[in-house]
Amino acid sequence: MSERKKVNLALQGGGSHGAFTWGVLDYLLEDGRLDIAAVSGTSAGAMNAVVLAEGWLENGREGAREKLKQFWHAISTENALSPAQARFFDLFFGPQTLGGQFSSLWSDFFTHFASPYQFNPLDVNPLRDYLNEAIDFEKVRAFDEFKILIAATNVHTGKIKVFKGGELTADHVMASATLPTLFRTVVIDGEPYWDGGYMGNPALFPFFYASDTPDIVIVQINPIVRRSIPRSAREIQNRLDEITFNGALMGELRAIDFVVRLIDAGKLSVDDYVRPLVHRIDGCDLLSPYDAGTKLDASWQLISALFEFGRTAAKHWLDETYSHIGEKSTLDLRMAYS
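Residues numbered from 1 in each chain as written. Predicted model: local features only at pLDDT ≥ 70, side-chain atom pairs only at ≥ 80, totals over all residues. Heavy atoms only, no water.

## Notes on the overall build of the chain
Point 1. Looking only at helices and strands, the chain features 13 helices and eight strands.
Point 2. Across the 338 residues of the chain, 52% fall into the buried class.
Point 3. Partitioning the contacts of the chain with sequence separation of at least 6, the portion at a separation of at least 24 is 78%.
Point 4. In the form shown here, the chain has an accessible surface area of approximately 15,500 Å², with 53% of it arising from carbon and sulfur atoms. (Helix = DSSP H or I, 4+ residues; strand = E, 2+ residues; numbered from the N terminus. Buried < 20%, exposed > 50% of the residue type's maximum accessible area, 1.4 Å probe, protein only. Contact = heavy atoms within 4.5 Å. Areas by Shrake-Rupley, 256 points an atom, 1.4 Å probe, with all protein chains shown as cover.)

Okay, here's the thing in structure tokens:
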């Protein structure tokens, strides 16, 4: 068995594309060479983080793998949704068949001309219901094997809010995943929150305060580059979503690169600043054939395919990168953000 190394995991959000991250986590847990110091998650990344923690509490790495499997099975539209939940998912999260394309167009119309307070008056939210039923948040709050950091966007201030493991409830996780065109604003302690992806997808800066481990592994599922020109209204909106939900990450990578250059130039002391070592498990090439609209496809066919993509990407990354962890960055920061 090779030496075990410790890393921070940064899990990007992206709806059902978070099943790619499930595959990554499944492989890393099975491989066993990496220990986790902290997890920063947004939206689907936040859900993966809390499910990972609860499963770990039950039976370590194998418990985490099993809990993640149960979670992604359960949120598939082909599994146990109530009739009201199923009808809502059929309308807004239909698979991309011909009928699914009609559903997507119908949901696009609604979300552009009505708010969730109008078209979803009963506040149906299958994910929130499942989280409340399946996750023991009292246990998650007491979990201390690694740090959990969940990002949401404060609607009043437009600033990022990072919730820590010791305070987490289903509301905190749903705040991180609340797309305001689909679900009602989540209010916590009098403050309203929307999806964390607007301001941190995933947030990297919390690692500098919560962890003394320099290695950050970003699990990226939102393509940065697309060479085609969007022409239809749907294509334009999908590309806008991808750019928006990568924007905060690009800014953080630029800031990290600036700090690293100051440290390397001797202008910042290594006694006062940790030199971050940044890595990336990049699902973008594998996921680029799936446009942003498929993030609302909760079919098991798609989820299971993305899971396998994640395992494949994690194996390739770990085989190529393991020897560099703890030694140097393997992500070219300037290339990543410029």
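## Notes on the pattern of salt bridges
Point 1. Evaluated as defined, the whole model comprises 18 salt bridges.
Point 2. Residues R33 and D31 are paired through a salt bridge, measuring 2.8 Å at the closest nitrogen-oxygen approach.
Point 3. A salt bridge links K315 to D319, with the nearest nitrogen and oxygen atoms 2.9 Å apart. Here K315 and its partner D319 are both found in helix 12 (residues 300–321), four residues apart, which amounts to about one turn of the helix.
Point 4. If you follow the salt bridges from partner to partner, you end up with D26, E30, E62, R65 and R311 in one network. (Salt bridge = Lys/Arg side-chain N within 4 Å of Asp/Glu carboxyl O.)

## Structural notes on the packing of helix 1 (residues 18–31) against helix 2 (residues 44–75)
Point 1. Following both chains from N to C, one finds helix 1 and helix 2 inclined at 25°, their axes separated by 9 Å at the closest point. By the angle class used here, helix 1 and helix 2 are roughly parallel. Relative to helix 2, the crossing made by helix 1 is right-handed. In contact with G18, A19, T21, W22, L25, D26, L28, L29 and E30 of helix 1, helix 2 contributes A44, N48, L52, W56, R61, A64, R65, L68, K69 and W72.
Point 2. By residue class, the composition of the contact of helix 1 with helix 2 is 11 nonpolar, three polar and five charged. (Axes fitted to C-alpha atoms, helices over the stretch in contact; angles between N-to-C directions. Parallel < 35°, antiparallel > 145°, perpendicular 65-115°, else oblique. Left-handed = near helix turned anticlockwise from the far one by under 90°. Nonpolar A, V, L, I, M, F, W, Y, C, P; charged D, E, K, R; others polar.)

## Digging into the nonpolar core
Point 1. In this structure, L9, L28, L52, L131, F137 and I148 are the most contacted members of the largest nonpolar core, which totals 63 residues.
Point 2. Per element, the largest residue contribution to this core is 13 residues, and it comes from helix 2.
Point 3. Beyond its immediate sequence surroundings of up to four residues, L9 is in contact with L25, L28, I36, A38, V39, S40, F207 and V217.
Point 4. Grouped together as the second largest cluster of nonpolar side chains are 17 residues, A10, L204, L333 and A336 included. (Core = buried A, V, L, I, M, F, W, Y, C linked by side-chain atoms within 4.5 Å.)

## Observations concerning the pairing of strand 2 (residues 34–42)
Point 1. Among the nine residues in strand 2, eight count as buried, and that is most of the element.
Point 2. Strand direction decides the pairing type here: strand 1 (residues 5–11) and strand 2, joined by seven bridges, are parallel. Within strand 2, the position partnered with K5 by the bridge is L34.
Point 3. Remark: the strand 1/helix 1/strand 2 crossover connection has right-handed handedness. (Pairing = 2+ DSSP bridges. Right-handed = clockwise from strand over helix to strand, strands pointing away.)

## Things to note about helix 10 (residues 233–264)
Point 1. Over its 32 residues, helix 10 extends 46 Å from the first C-alpha to the last, a length consistent with the 46 Å expected when each residue adds 1.5 Å.
Point 2. The opening residue of helix 10, the one whose side-chain oxygen lies 3.0 Å from the backbone nitrogen of E235, is S232.
Point 3. Phi for G266, located one or two positions after helix 10, is positive at around 80°. (Expected span 1.5 Å × (residues − 1). Polar contact = N/O pair within 3.5 Å; in protein donor to acceptor, adjacent residues only side chain to side chain.)

## Brief notes about the layout of surface pockets
Point 1. Approximately 540 Å³ is the volume found for the second largest pocket.
Point 2. Lining the second largest pocket are 23 residues, with R280, D282, C284, D285 and L331 sitting closest to its centre.
Point 3. When contributions to the lining of the second largest pocket are tallied by element, the ones reaching two or more residues are strand 8 (277–282), helix 11 (284–287), helix 12 and helix 13 (333–337).
Point 4. Broken down by element, the residue count for the lining of the second largest pocket peaks at five residues, all from helix 12.
Point 5. Residue composition of the lining of the second largest pocket, grouped by class: 11 nonpolar, six polar and six charged. (1 Å grid on protein atoms, 1.4 Å probe; cavity = no way out; pocket = protein on both sides within 12 Å on 5 of 7 lines; lining within 4 Å. Points joined across faces, edges and corners; volume = space filled by probe spheres on them.)

## Considering a nonpolar patch on the surface
Point 1. On the surface, F205, F208 and Y209 cluster together to form a nonpolar patch covering roughly 360 Å² of accessible area.
Point 2. On the basis of relative accessible area, F208 is assigned to the partly exposed category, the value being 42%. (Patch = residues over 30% accessible without salt bridge, like charges linked within 9 Å, V, L, I, M, F, W, Y side chains within 5 Å.)

## Thoughts on the confidence of the model for the chain
Low-confidence regions, as indicated by low pLDDT, have predicted coordinates that should not be scrutinised in detail.
Point 1. Chain-level statistics for the chain give a pLDDT mean of 85 and a share of 85% at 70 or above.
Point 2. The low-confidence segment residues 78–107 (pLDDT under 50) makes 51 contacts with residues lying over four places distant or belonging to another chain. (pLDDT = per-residue confidence, 0-100.)

## Comments concerning the pairing of strand 4 (residues 160–164)
Point 1. Two elements, strand 3 (residues 147–154) and strand 4, share five bridges in a ladder whose sense is antiparallel. Across the sheet, L149 pairs through a bridge with K164, a residue of strand 4.
Point 2. In textbook terms, the turn of a hairpin is the stretch between consecutive antiparallel strands, and for strand 3 and strand 4 this stretch comprises five residues, one of which, G158, has a positive phi near 75°.

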